[in-house]
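# Tertiary structure, described
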Amino acid sequence: MFETLQTPPPDKILALSAAFRADPRADKLDLGVGVYKDEAGATVILRAVKEAERRLLAAQSTKTYVAPTGDEAFNAAMLGLVFGDAAPKDRLRAAQAPGGGGALRLLCELIHRAERGATVWLSDPTWPNHQGILRQVGLQFRTYPYFDPATRDVDYDAMRSALSEAGPGDVVLLHGCCHNPTGANLTPEHWRDIAALAVDRGFTPFVDIAYQGFGDGLEEDAQGVRILAASVPEMLVAASCSKNFAVYRERVGCAMALAASPEAADLAKANMGLLARVNWSMPPDHGAAAVAMILNDPELRTDWAAELESMRLRMLTLRTGLADALRARTNSDGYDFLARHRGMFSLLGATPEQVETLREAHGVYMIGDSRINIAGLNAAGIDRLTQALIAVGF
Ligand code: LMR
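A few points on the structure. (Residues numbered from 1 in each chain as written. Predicted model: local features only at pLDDT ≥ 70, side-chain atom pairs only at ≥ 80, totals over all residues. Heavy atoms only, no water.)

### Considerations on the nonpolar core
What counts here: For this analysis, a nonpolar core means a set of buried residues of the types Ala, Val, Leu, Ile, Met, Phe, Trp, Tyr and Cys, connected via side-chain atoms within 4.5 Å. Each residue is placed in one exposure class: buried if its accessible area under a 1.4 Å probe, protein chains only, is under 20% of its type's maximum, exposed if it is over 50%, and partly exposed if it falls in between. Strands are runs of DSSP state E lasting at least 2 residues, helices are runs of H or I lasting at least 4, and numbering of each runs from the N terminus. The domain boundaries here were taken from an automatic or database domain assignment. Two residues form a contact once any of their heavy atoms are found within 4.5 Å.
Ranked by size, the top nonpolar core spans 103 residues in total, and within it Met 78, Phe 83, Met 159, Met 235, Met 256, Trp 304 and Leu 385 carry the most contacts. If one sorts the elements of this core by residue count, helix H12 (residues 298-330) sits on top with 10 residues. In this structure, this core is formed jointly by two domains, domain 1 (10-46 + 301-391) and domain 2 (65-296), each of which donates at least three residues. Apart from residues no more than four positions distant in its own chain, Met 159 is found in contact with Tyr 144, Pro 145, Tyr 146, Val 154, Leu 174, Leu 186 and Ile 194. In terms of nonpolar packing, the next biggest core, distinct from the first, is built from 27 residues, Leu 104, Ile 133, Leu 236 and Ala 255 among them.

### Structural notes on the packing of helix H4 (residues 99-114) against helix H5 (residues 128-137)
Heads up, the rule is: Here, axes are lines fitted to C-alpha atoms. For helices the fit covers the stretch in contact, and angles between N-to-C directions go from 0 to 180 degrees. Each angle receives one of four descriptions, namely roughly parallel if under 35 degrees, roughly antiparallel if over 145, roughly perpendicular if within 65 to 115, and oblique otherwise. Should the near helix be turned anticlockwise from the far one by less than a right angle, the crossing is termed left-handed; should it be turned clockwise, right-handed.
The contact between H4 and H5 brings their axes to 10 Å, and the two run at 40°. Put simply, H4 runs oblique to H5. For the element pair H4 and H5, the recorded crossing hand is right-handed. In contact with Gly 101, Leu 104, Arg 105, Cys 108, Glu 109 and His 112 of H4, H5 contributes His 130, Ile 133, Leu 134, Gln 136 and Val 137.

### Comments concerning the pairing of strand S10 (residues 253-258)
Of all six residues that make up S10, six are buried, and the element is covered over most of its length. Of the two faces of S10, the one holding Gly 253, Ala 255 and Ala 257 and the one holding Cys 254, Met 256 and Leu 258 are both buried throughout.

### Remarks on the packing of aromatic side chains
Each aromatic ring pair is specified by the distance between its two centres and by the angle formed by the two planes. Our working rule: Any two rings among Phe, Tyr and Trp, with Trp reduced to its six-membered ring, count as a pair given centres within 6.5 Å; such a pair is stacked if its planes are under 30 degrees apart, edge-to-face if over 60, and tilted if neither.
What the rule picks out here adds up to six aromatic pairs. Between Phe 20 and Tyr 365, the aromatic rings sit 5.2 Å apart at their centres with planes inclined by 90°, giving edge-to-face as the arrangement. Of this pair, Phe 20 sits in helix H1 (residues 12-22) while Tyr 365 sits in strand S12 (residues 364-365), and the two are 345 residues apart along the sequence. We note that Phe 20, like Tyr 365, is buried.

### Here we look at empty space enclosed by the protein
For the record, the criterion: For cavity detection a 1 Å grid was placed over the protein atoms alone, and a set of points counts as a cavity when a 1.4 Å probe fits there but cannot get out; an open set counts as a pocket when protein lies on both sides within 12 Å along at least five of seven lines, with lining residues being those that have an atom within 4 Å of a point. Grid points are joined across faces, edges and corners, and a volume is the space filled by probe spheres set on the points.
Under the counting rule described, the total for this entry stands at three cavities of 30 Å³ or more. Put simply, the largest cavity is a space of about 40 Å³. What lines the largest cavity is simply Lys 12, Ile 13, Thr 126, Pro 128, Asn 180, Pro 181, Ile 367, Asp 369 and Arg 371. Of the residues that make up the lining of the largest cavity, three or more belong to each of domain 1 (10-46 + 301-391) and domain 2 (65-296).

### So, H1
For clarity, the cut-off: Think of the arc as the fan of directions from the helix axis to the C-beta atoms. Here a polar contact is recorded for every N or O atom pair within 3.5 Å, except that within protein the pair must consist of a potential hydrogen donor and a potential acceptor, and residues adjacent in sequence are included only if both atoms are side-chain atoms.
Where H1 is concerned, the buried positions are Ile 13, Leu 16, Ser 17 and Phe 20. Along the axis of H1, the buried positions cluster into a sector of 105°, meaning they face one direction only. Exposed and facing more than 90 degrees away from the buried side of H1 are Leu 14 and Ala 22. Considering only its buried residues, H1 is in contact with strand S1 (29-30), H5, helix H14 (352-362), S12 and strand S13 (371-373). Where H1 begins, one side-chain oxygen reaches toward the backbone nitrogen of Ile 13, 3.0 Å away; that side chain belongs to Asp 11.

### Some details on the sheet that holds strand S9 (residues 235-240)
As a reminder of what qualifies: Between any two strands, pairing holds if DSSP finds at least two bridges.
Strand order across the open sheet formed by seven strands is S2-S10-S9-S8-S7-S3-S4, with mixed pairing between neighbours. Because the sheet does not close on itself, it has two edges, and the strands there are strand S2 (92-97) and strand S4 (140-145). Each strand of the sheet is rotated relative to its neighbour by a mean of 20°, with strand direction disregarded. By the bridge criterion, four bridges tie strand S8 (residues 204-209) to S9 in an arrangement that is parallel. Paired with Phe 206 across the strands is Leu 236, a residue of S9.

### A few points about the site of the ligand
Here is the rule: One heavy atom within 4 Å of a molecule or strand is enough for the residue carrying it to be called near that molecule or strand. Each accessible area is a Shrake-Rupley estimate made with a 1.4 Å probe; only the visible protein chains count as cover when residues are assessed. More than half of a molecule's atoms within 2 Å of the grid points is what it takes for that molecule to sit in a cavity or pocket. Charged residues are taken to be Asp, Glu, Lys and Arg, nonpolar residues to be Ala, Val, Leu, Ile, Met, Phe, Trp, Tyr, Cys and Pro, and polar residues to be all remaining types, Gly included.
Around the ligand sit Ile 13, Val 33, Gly 34, Trp 127, Asn 180, Tyr 211, Lys 243 and Arg 371, and those are all the residues in its vicinity. Within the side chain of Lys 243, a nitrogen or oxygen atom sits 3.2 Å from an oxygen atom of the ligand. At 2.8 Å from an oxygen atom of the ligand is found a side-chain nitrogen or oxygen belonging to Arg 371. Here the ligand loses 79% of its free accessible area of 260 Å² to cover by the protein chains. For the ligand, the cavity whose grid points lie within 2 Å of the majority of its atoms is the largest pocket. Split by residue class, the shell around the ligand holds four nonpolar, two polar and two charged.

Pasting the structure below:
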């Protein structure tokens, strides 16, 4: 039966990681996949995670099943982390999922179950897997303009004008913070305007929040979700703990729904349970158990937030360092967008040929659309990247 299959197109992020691993050059620079690295280039286990794992190992007495929707202590803690007290608890429901990707998949299937003909609006550009998941689930999608390549900021007028065409039954997928791949983000005023537009036009916002705490701070990065939640009757959120708890391979995510009534919220939760059951039956426990322990233990939570904050501040220092280095070398302020952007990524605006030369001739790996992972840099990396960018005429 397998002869009928076609070779799938490579995932551009994972293909780049494979090419980087295969490159024998010692001074190669990995600015590809979105994984945080410290100054020494290591992706360490956070102190609070190590301690929570130690306690889990000592205290855990069973490995029996939890439930298709996971651990309710985790779900409640995640709702608190993301929504704060912006929405009434009786209209909110959550289901633990295997990573942010699992949460996205679950919620896309929930949309398909509720509204088979729904159109999901995606930002152009967006994380490539958004399209992949929608295609696989069988949902239609359209795109809305998001990024202005000239200013490297959000082109809000163009975005708003496209979303004015979205209506009831449509879903608008938004990046909660730290937009992937551009690094350009919506302001609180933009979020308020989108909330008003959603109410006016009747579309359902769907927020993918995978980098809470990497942009302007844990609370600040959740502002978009909270502004929407205070106004709209219903919305969806896919949250990931991969980056802000650095538990990438443990697959920790949470699918959340705000419904128009407690009864509709119960329906959403029951259907999330069914969809989890037919997809993965039960989510993996370990990473989510560690996250729940951290969020519910004041001492561990304080330590986690402090370590996360130091990661955030390091990325900001790298951003200003790179913008300063390019300004000094070129006498131009055309790179200041790097310091304005937030999160792990910035879309540089280099041509595909420049990206290829950077990889082939200089061993500098970035995604083909010229997305760089700022957290892949360190002081020496800033020098290398600056020199390589200038050498390719960027
Ligand atoms: C990325 O965009 O690099 C990350 O979200 C990792 C991934 O799975 O693509």
